[in-house]
Amino acid sequence: MFSILIPSFNNLEYLKLCIKSIKKNSEFDHQIIVHINDGKDGSLDFIKYNNIEYTFSHENIGMPKALNLSSKLAKFTYILISHDDFYYCPGWDIELSKEIEKIGHKNFYISGTMVGAGQVSFDAGQSIANFNEEHLLKNQEKIETFDFQGTTKCPGLVHKDIWNKVGGWSEEFSPTGGDDTDFAMKLWKSDIRIFKGLGKSLVYHFGSITTRKKDKSLFTYLGSRGNKIFLKKWGISINFFEKFYLRSGLDNKKQLIFREYMGELKDPKKNFNYYIEYFKSKLQKIYLILVNYK
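Residues numbered from 1 in each chain as written. Predicted model: local features only at pLDDT ≥ 70, side-chain atom pairs only at ≥ 80, totals over all residues. Heavy atoms only, no water.

1. Overview of the layout of surface pockets
Here the idea is plain: a probe the size of a water molecule rolls over the atoms and shows the empty space left. Formally: Method remark: on a 1 Å grid restricted to protein atoms, a set of points is classed as a cavity if a 1.4 Å probe fits but cannot get out and as a pocket if it is open with protein on both sides within 12 Å along at least five of seven lines; lining residues have an atom within 4 Å of a point. Grid points are joined across faces, edges and corners, and a volume is the space filled by probe spheres set on the points. For this classification, the nonpolar set comprises Ala, Val, Leu, Ile, Met, Phe, Trp, Tyr, Cys and Pro, the charged set comprises Asp, Glu, Lys and Arg, and every other residue, Gly included, is treated as polar.
In this structure, the second largest pocket encloses a volume near 240 Å³. Around the second largest pocket, the lining residues are Lys243, Phe244, Arg247, Arg259, Lys266, Asp267, Pro268, Lys269, Asn271 and Asn273. Of the residues that constitute the lining of the second largest pocket, the class distribution is 2 nonpolar, 2 polar and 6 charged.

Written out as structure tokens, the structure reads:
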């Protein structure tokens, strides 16, 4: 039913668990497509041996390029963006499927909810070495969640027509950082207004184990390299877009905001706070232009 895109960078044991959970806990028969970066840890051999569809690069090409390359193999109507350090919980795809039927059209971006290293705190192990699958599954129904505004972007689900319309993920953000919010912005520019995270569609996330590992040198004045690219491209910061458009992002204490889902998004209210933050974004963009940031 879904074409699941999984970029992986020498992360064999997590990749095995991710694929195992999809096959074990899915209601529907999904297409799994893995992009193997390098693969010298045996992950390429594992994928080949198990007849899993894949694309391959000899080096780590990052999330955007890996997703775009693997998406060319997608045969189903819906594309799901995944990390390889997810464990998909029972019922995850049922909830997404029900939501698609409820929406009734293809103009949406919906996601599951990450527990563990995500927006919902739950401890079933910090790594695969101490992962307690039994504890997670026994307590899944007790984990308190709700449908929220803005999506987690990953695992994120989008119609293939919409994916193709916006051109997938923007490769100027490679290897990663800011690419997921840029994708959301491109969807916004294409008049997508349903950005929704589903509280009952759960994945356990180990966190920062995948191709998303960040080089600390990418983080300097004005935030990450990704934020600078986003600023120059769109004229506003990532936090500004997420806060005022997606109604998510970071609060004043740099804590993630998760608001209960209230329906289709509207254009932001242009109040005093909006204009103050907007002005800050414009000053930041001017600074990047003056210093000739590339």
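2. Comments concerning the packing of aromatic side chains
The condition that has to hold: Any Phe, Tyr or Trp ring, taking Trp's six-membered ring, that has another such ring centre within 6.5 Å forms a pair; planes under 30 degrees apart are called stacked, those over 60 apart edge-to-face, and the others tilted. Under the scheme used here, helices are H or I runs from DSSP no shorter than 4 residues and strands are E runs no shorter than 2 residues, and both carry numbers assigned from the N terminus. Only protein chains enter the calculation, and the probe is 1.4 Å; a residue is then buried if its accessible area is under 20% of its type maximum, exposed if over 50%, and partly exposed in between. Whether a charge sits over a ring comes down to the Lys NZ or Arg CZ being within 6 Å of the ring centre and within 35 degrees of the ring normal.
Inspection of every chain in the model, using the stated rule, returns 28 aromatic pairs. Seen from their ring centres, Tyr14 and Phe206 are 5.2 Å apart, and the 75° between their planes marks the pair as edge-to-face. A residue pair is termed long-range when its members are at least 10 positions apart, and Tyr14 in helix H1 (residues 12–25) and Phe206 in the loop between strand E9 (195–205) and strand E10 (219–220) qualify at 192 residues. Take Tyr14 and Phe206: they sit in the same class, and that class is buried. Judged by centre distance (6.2 Å) and plane angle (40°), the ring pair of Phe230 and Phe241 falls under tilted. In this pair, Phe230 sits in helix H8 (residues 225–234) while Phe241 sits in helix H9 (residues 238–244), placing the two residues 11 residues apart along the sequence. Take Phe230: its relative accessible area is 0%, and that puts it in the buried class. Across the ring face of Trp188, the terminal group of Arg193 is positioned such that the distance to the ring centre comes to 3.6 Å.

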